[in-house]
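So the chains spell out like this:
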Amino acid sequence: MTTQHPTSRLRACALRTGLALGALLAWLLTAVGCGGSDDRPRPTAAPSPPTNVEGSAFRFLVDPEGVRHDIPLEDVKRGISVPNPRDKIPAILAPRFVPVGGAEHVGAQERVIVVEVGAEARAYPLRILDAHELVNDVLGGEPLLVTWCPLCRSAMVFERRVAGVVRTFGVSGFLYRSDVLMYDHQSESFWSQIAGRAVLGPLSGTPLVERPARLTAFAAFRAEHPEGQVLGPEQEGRSSADYRRSHYDDYHARPGLMFQVDAYDRRLGLKEEVLGVAVGGAAHAWSLAWLRAQPSGPVEVVVGAQALRLLWDGAADEVRVTDAAGNAVAHLRCYWFAWYAFHQDTGLTGGASTR
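Residues numbered from 1 in each chain as written. Predicted model: local features only at pLDDT ≥ 70, side-chain atom pairs only at ≥ 80, totals over all residues. Heavy atoms only, no water.

Student: I tried to follow the overall build of the chain on my own but got confused; where do I start?
Tutor: Along its length, the chain carries 7 helices and 23 strands. A burial count over the chain gives 53% of its 355 residues as buried. Expressed as a percentage of contacts within the chain between residues at least 6 apart in sequence, the contacts between residues at least 24 apart total 63%. Total accessible area on the chain stands at roughly 15100 Å², and carbon and sulfur atoms take up 50% of it. (Helix = DSSP H or I, 4+ residues; strand = E, 2+ residues; numbered from the N terminus. Buried < 20%, exposed > 50% of the residue type's maximum accessible area, 1.4 Å probe, protein only. Contact = heavy atoms within 4.5 Å. Areas by Shrake-Rupley, 256 points an atom, 1.4 Å probe, with all protein chains shown as cover.)

Here it is, written out as structure tokens:
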């Protein structure tokens, strides 16, 4: 991307920290408001990185006709302004954990993704995931992928066994509707986090199996799971000093987006948080502000003919979703723009009556 006023200080910071700040620099230097025209200069297409995988999604820049896809190729955006953005955000391939009692690197009110499989439970601090976005893990004997997109504030967990193969995933460096596009090392297909399927490459159209997960405060996880584990302060050759702050704080504080999406809904602000559920062919979202204002106790709802319960915990700033039998149901807590971009037929509770 060409721009007339980058600051050498910001560039030096990006290099010094080793984090992938290309997208953040684009925001700081060329931020645009929601819904307006996006006149930013676009990075010129560059050859994709060499690959020996037939039909690799990374070849779409130089061989668009030879790559399978089920989304328009023009909707695939470069998230990091370098010719080869693959793995510039390094996914965690061999995660290290510490006991919950020894997790001194996590503050009591810090936000964590919680994943539970049987009697095992782990917490993944968002501050660490801001720098990695993906964790390839095995919990309760099950290969799982913990995913986090800072641009959408979306946390989702998927099974890594896909089409009979246990896959490992990295960050492609590309985006679809402002959401992270992951890639698997085995087929080099691109996978959309929120869409939950491969969208580019040999496995295009193949779905991922989502597993329930939730966002909560670390103190709540510690109280509920005193024998649990926490993603440790040393990952992929980095130390706790590399995770002292999030490089997305400025983005979260602004009303606009770093990357525009193709559809907006004005019933809520773009970055207002919602809880979204998609079941039975139907989708519905609830404003977090509306949920916080409800009386204590479960909120009974129906989505796609399925009865659900929304359980709000104000102290932990946490929502759990269960079915009528009390089983956890996969859901997504994210920015409204992101939920609507992937669920344009969604119902909404707690928003304005007009768009």
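What follows continues from the structure just given.
Student: Sorry if this is basic, but what is going on with the nonpolar core here?
Tutor: The nonpolar side chains of a soluble globular protein tend to be buried, and buried together. In this structure, Met182, Phe190 and Phe337 are the most contacted members of the largest nonpolar core, which totals 58 residues. Residues Leu129, Leu144, Leu215 and Tyr243 belong to the second largest nonpolar core, which totals 21 residues. (Core = buried A, V, L, I, M, F, W, Y, C linked by side-chain atoms within 4.5 Å.)

Student: I would appreciate a short explanation of the packing of aromatic side chains in the present structure.
Tutor: For the structure on display, the rule yields 10 aromatic pairs. Arranged with centres 5.7 Å apart and planes meeting at 85 degrees, the rings of Tyr176 and Phe342 form a pair that is edge-to-face. On the criterion of sequence distance, the pair formed by Tyr176 in strand β10 (residues 169-176) and Phe342 in helix α7 (residues 336-342) is long-range, its members being 166 residues apart. When its relative accessible area of 4% is taken as the criterion, Tyr176 is described as buried. Given a relative accessible area of 15%, Phe342 falls into the buried group. For the pair Tyr335 and Phe337, a centre-to-centre distance of 6.2 Å together with 35 degrees between the ring planes defines the contact as tilted. Take Tyr335: its relative accessible area is 4%, and that puts it in the buried class. Among the aromatic residues, ring-to-ring pairing joins Phe58, Phe60, Phe174, Tyr183 and Phe190 into one connected group. A cation over a ring is seen here: Arg177 above Phe342, with NZ or CZ 5.5 Å from the ring centre. We note Arg266 situated over the ring of Tyr264; from NZ or CZ to the ring centre the distance is 5.8 Å. (Phe/Tyr/Trp six-rings, centres within 6.5 Å; stacked < 30°, edge-to-face > 60°. Lys NZ or Arg CZ within 6 Å of the ring centre and 35° of its normal.)

Student: Where do I start with the sheet that holds strand β19 (residues 299-303) in this structure?
Tutor: Two orientations exist for strands paired in a sheet by backbone hydrogen bonds: parallel and antiparallel. The 3 strands lie next to each other as β19-β20-β21, forming an open sheet whose pairing is antiparallel. Two strands in the sheet have a free side with no partner beyond their single neighbour: β19 and β21 (318-323). The mean inter-strand angle of the sheet, taken between neighbouring strand axes irrespective of direction, is 30 degrees. Pairing analysis gives 6 bridges linking strand β20 (residues 306-313) to β21, with the strands arranged antiparallel. Bridging from a neighbouring strand, Arg309 pairs with Thr322 of β21. (Pairing = 2+ DSSP bridges. Axes fitted to C-alpha atoms, helices over the stretch in contact; angles between N-to-C directions.)

Student: Before we go on, may I ask you to explain the confidence of the model for the chain in this structure?
Tutor: Detail in the predicted coordinates should be disregarded across regions flagged by low pLDDT. In the predicted model, the chain carries a mean pLDDT of 86, and the fraction of residues at 70 or more is 85%. Note on residues 1-48: pLDDT is under 50 here. Beyond four places in sequence and across chains, it has 76 contacts. (pLDDT = per-residue confidence, 0-100.)

Student: For this particular structure, what's the right way to read the sheet that holds strand β5 (residues 134-139)?
Tutor: Spatially, β5-β6-β7-β14 is the arrangement adopted by the 4 strands of the open sheet, whose pairing is antiparallel. Here the strands that pair on one side only, and so sit at the sheet edges, are β5 and β14 (210-211). Note that β5 and strand β6 (residues 142-149) share 6 bridges and pair antiparallel. Across the sheet, the residue bridging to Leu139 is Glu142, located in β6.

Student: What is the right way to read the environment of Cys152 from this model?
Tutor: Position of Cys152 among the secondary structure elements: in the loop between β6 and β7 (154-159). Accessibility expressed as a relative area gives 0% for Cys152, which makes it buried. Between the C-alpha atom of Cys152 and that of Glu273, which follows or precedes it by 121 residues, the distance is 9.6 Å. If we ignore the near neighbours within four places in the chain, the residues touching Cys152 are Ser178, Asp179, Ile194, Cys334, Tyr335, Phe337 and Ala338.

Student: What am I meant to see in the pairing of strand β15 (residues 214-217) here?
Tutor: Taken residue by residue, a regular strand's side chains alternate between the two faces of the sheet. Burial along β15 is two-sided: the face carrying Arg214 and Thr216 and the face carrying Leu215 and Ala217 are both buried. Note that strand β3 (residues 111-117) and β15 share 4 bridges and pair antiparallel. For Arg111, the partnering residue across the bridge sits in β15 and is Ala217.

Student: I'm lost on the pattern of salt bridges in this one. Help?
Tutor: Pairing of side chains with opposite charge becomes possible as their charged atoms draw close. With the rule as written, the count across this model stands at 21 salt bridges. The closest approach of N and O atoms between Glu159 and Arg211, which form a salt bridge, is 3.4 Å. Within this pair, whereas Glu159 is found in strand β7, its partner Arg211 is found in strand β14, the two being separated by 52 residues in sequence. A salt bridge links Arg267 to Asp265, with the shortest nitrogen-to-oxygen separation between them at 2.9 Å. Summarising the burial analysis for this pair, Arg267 and Asp265 share the class buried. Each of Arg111, Glu273, Arg292, Asp317 and Arg333 takes part in salt bridges that share partners, so that together they form one network. (Salt bridge = Lys/Arg side-chain N within 4 Å of Asp/Glu carboxyl O.)

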